[in-house]
Amino acid sequence: MSFFSPDQETFLFLQRVYNCPKVRSYSQNIYIPSEFSSMSSQDGPLYLGFDLSTQQLKAIVITSELKVVYEAKTDFDADLSKYGIKKGVHVNEAEREVYAPVAMWLEAVDLVLQRLKEKGTPFQRIQGISGAGQQHGSVYWSKTGEVLLGSLDPKETLVDQLSKTAFAHPFSPNWQDGSTQKECDMFDAELGSAEKLAEVTGSKAHHRFTGPQIMRMHKNHPEVYRATSRITLVSSFLASVFLGKIAPFDISDICGMNLWDIKAGAWSEPLLKLAAGEDGLDSLKQKLGSVREDGGGSMGFISSYFVQRYNFPSSCGIAPFTGDNPSTILALPLRPLDAIVSLGTSTTFLMSTPKYVPDPAYHFFNHPTTAGLYMFMLCYKNGGLAREKIRDALPASSSSPTDSWSTFNKIALETPPLGQASPSTDSAKLGLYFPLPEIVPNVRAGTWRYTCSSNGTDLQESQDWGREADVRAIVESQILSLRLRSQKLVHSPSAGIPPQPGRIYLVGGGSLNPAIARIIGDVLGGAEGVWKLDVGGNACALGGAYKAVWAMERKEGESFEQLIGDRWRESEAVEKVDIGYRGDVWGRYGDVLGTFEEMEGKVLKGEERNK
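Residues numbered from 1 in each chain as written. Predicted model: local features only at pLDDT ≥ 70, side-chain atom pairs only at ≥ 80, totals over all residues. Heavy atoms only, no water.

### Details of the environment of Gln308
Next up, step 1: Summarising the element assignment, Gln308 is placed in helix α13 (residues 304–310).
Next up, step 2: Considered as a pair, Gln308 and Pro154 are 154 residues apart in the sequence and their alpha carbons are 6.0 Å apart. (Helix = DSSP H or I, 4+ residues; strand = E, 2+ residues; numbered from the N terminus.)

### A look at the sheet that holds strand β8 (residues 97–101)
Next up, step 1: Taken in spatial order, the 3 strands of this open sheet run β7-β8-β11, and their pairing is antiparallel. A strand with exactly one partner marks an edge of an open sheet, and here the two such strands are β7 (90–92) and β11 (171–173). The average angle at which neighbouring strand axes cross in this sheet is 35 degrees, direction not considered.
Next up, step 2: Here β7 runs beside β8; their pairing, made up of 3 bridges, is antiparallel. Looking at the pairing, Val91 lines up with Val98 of β8. (Pairing = 2+ DSSP bridges. Axes fitted to C-alpha atoms, helices over the stretch in contact; angles between N-to-C directions.)

### Focus on the pairing of strand β6 (residues 68–75)
Next up, step 1: Direction of pairing for strand β5 (residues 56–63) relative to β6: antiparallel, over a ladder of 7 bridges. Counted as the bridge partner of Leu57 is Thr74 from β6.
Next up, step 2: Between β5 and β6, which pair antiparallel and follow one another directly, the connecting turn spans 4 residues, one of which, Leu66, has a positive phi of 75 degrees.

### A word on the pattern of salt bridges
Next up, step 1: Scanning all chains against the criterion turns up 29 salt bridges.
Next up, step 2: Of the charged contacts, one joins Asp522 and Arg472 as a salt bridge, the two residues approaching to 2.9 Å between their closest N and O atoms. Of this pair, Asp522 sits in helix α18 (residues 514–524) while Arg472 sits in helix α17 (residues 467–486), placing them 50 residues apart in sequence. Each member of the pair Asp522 and Arg472 is classed as buried.
Next up, step 3: Salt-bridge contacts for Glu528 lead to Arg503; the nearest nitrogen and oxygen are separated by 3.6 Å. Linking Glu528 in the loop between α18 and β27 (530–533) with Arg503 in the loop between α17 and β26 (504–507), this pair joins segments that are 25 residues apart in sequence.
Next up, step 4: On the basis of relative accessibility, which here comes to 35%, the residue Glu528 falls in the partly exposed class. (Salt bridge = Lys/Arg side-chain N within 4 Å of Asp/Glu carboxyl O. Buried < 20%, exposed > 50% of the residue type's maximum accessible area, 1.4 Å probe, protein only.)

None of this, on its own, says anything about what the molecule does.
Shown next as C-alpha cells:
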C-alpha cells in the first residue's frame, strides 16, 4: 500500500482515476490499496454476478460504475442434455415431483467460467462475487462434501470431485414441485392456521417451500436426512462452491422456507420440530446452520481452487447470494413505493416496502440488502399464456398479418375502461381468465364473467360478452388483482395524490406492449409514470453483480439504494412508456375494487373443496 499527502483536487482526481471508493483519506494522507496503486481507470475492479435458474446458469461481469463488460451462460438442455433433463429438470408425474441433478449445476459452473475465459475476461481484476439462485430448492450435503469443498484440486473439475460423494442426495427439489400437499396442510395447521403461518413466516405453506420439502424428505427418505450434514438453499449452495465452505443462509432467501420467524429474526422452533419429526429440533438446526443478517460485506475470500484454476485474486470476496426474486429488485435502485411488474408466462409483482402486512394470498421476505425494508411479492401462474389465449381467438390484422398483437392492442386501446362507453348507463365488465389453475385466488382453470354498476353494486354473473370485450377485460382483471392485494402497502407519494405506487417498472415480454402499459397505468396508477426496464433478460444476474459492488465498495452506513442510485445510468436502462396515474379513470377502477374481490369470493365458493 502507499500513503502520500496531495491537495484536495488531487484527492478527488485519484478517486475518479482509480474508480474505487477504497481510496480513503486518513487525516491529510491518501490511502490507495496496493491492488489499485498502478491501475488506470480501464484496469479498475470488476464484479461478477450469477443467476442459477431452472434452465440456465448466467454470469455477468460489471465495472464499479455498473457497466456490463462480459457475459456468458450455460443452457442446461442445450449444453448438458446428458443429464436427461427437459427444461432443466426431471419430472415424476406420478408423485408430482420436479427436481434437478446437483451435478449438472457443478458442471455448469466450470463451463460458464470457461466461456468467460474464452472471451478474455480478466479474472484477476474481479474483487467481489454474488448472485442469485432459484428460490426454495434445497441441496443435501454429506460430511464428506464439507471436507472436499475446502480441498479441491485445481487440475480437476468441480463435478468430478464433488458429484459422487459430496451429497447425501443427488437431486434438488425444484420450485415447480407439487408433491408436498400433506406436508403443507400440516405446516398450515401447526401454528393454528394459514393466516398465522403467513404472519410468522411471511407466507402460508406452499408446495415449493423448503420446510415442507425437508419434512417430506425426512418422512420418505430418512436415511438421506440422517446422512445429511448440511442443508443449503440453491443460493447458498452456489455461494458455498465459491467460498470453499458451507455458506450461511441469506436473510432474504431464508424467507422462502416456511421455517424463519421474520419478526423475531430467528428460526421458528415449532416448525423446525415439525419438519424434523422424531429426529428432533436440534438435528435440523445443526443441518441448517446460521443466517447472515447483513446482505453486504464479504463472507470470506474465494476458494483457492478458483484462484489457481482461473486466476481469480485471492483477495476476491464472496458476498451473500440471494434468491432470484430478491435479486430481481436489485437490478435497479428500487425505492419504497416503486414496483416491478414482470409480464412473462406468469405474472409477478414485486415491491419494496417498510410495511410488514402478511397475508396468505401473497409473500413477504426480508429485503436482501436493506434492514427495515421488506419485499412484497405476488405470483400468478396465469400471465402471458392467458393473454395469448384471448389474442389467438381474434381475427388476424389485414394491415399487420405478421404482428399477432396488432389486433389485440387496437381493440384494447379503443375499448373504454371497464367496457363502459357510458358509465352512467352501461354496466362495468369484470372477469377472471385462468387457462391454468391459479394460485391467487386458489381456483381451478376456467373463465368467469360478471357485470356490475359503476359504483360496484348489483354484481351479476354474465354470459359470454364477445371476444372483443375480453381483450381489455383480461388485462384489467390481472392488474385489478395486483391493486387489490397491494393496496394496504402503499401510501400517498405526494400531497393530493391518493395511495399508489410511485414508479411502476415493467419487465418481461409483455413490457413491450403499449396497450398493456396503458391499462396498467389506468388501473394501478404510478404517480411517477410507468417505465420499461430493459436489462436484456438478465435482471437476476445483474442484481447479483450490483450486490457485489455494494457489498465490497460501500462506505460505513451507505445503503444499497444510495450507492447503486448514485452510479446507475437510468437513461440506459429504462424508458417511460406511460404517464401512469390518471385521476378520473383510476378512481373508476377504485369504485369496483371491492366488487372485484366479491367476484373472486363467489368463484371460490364454487370450488368443490369449499363446499
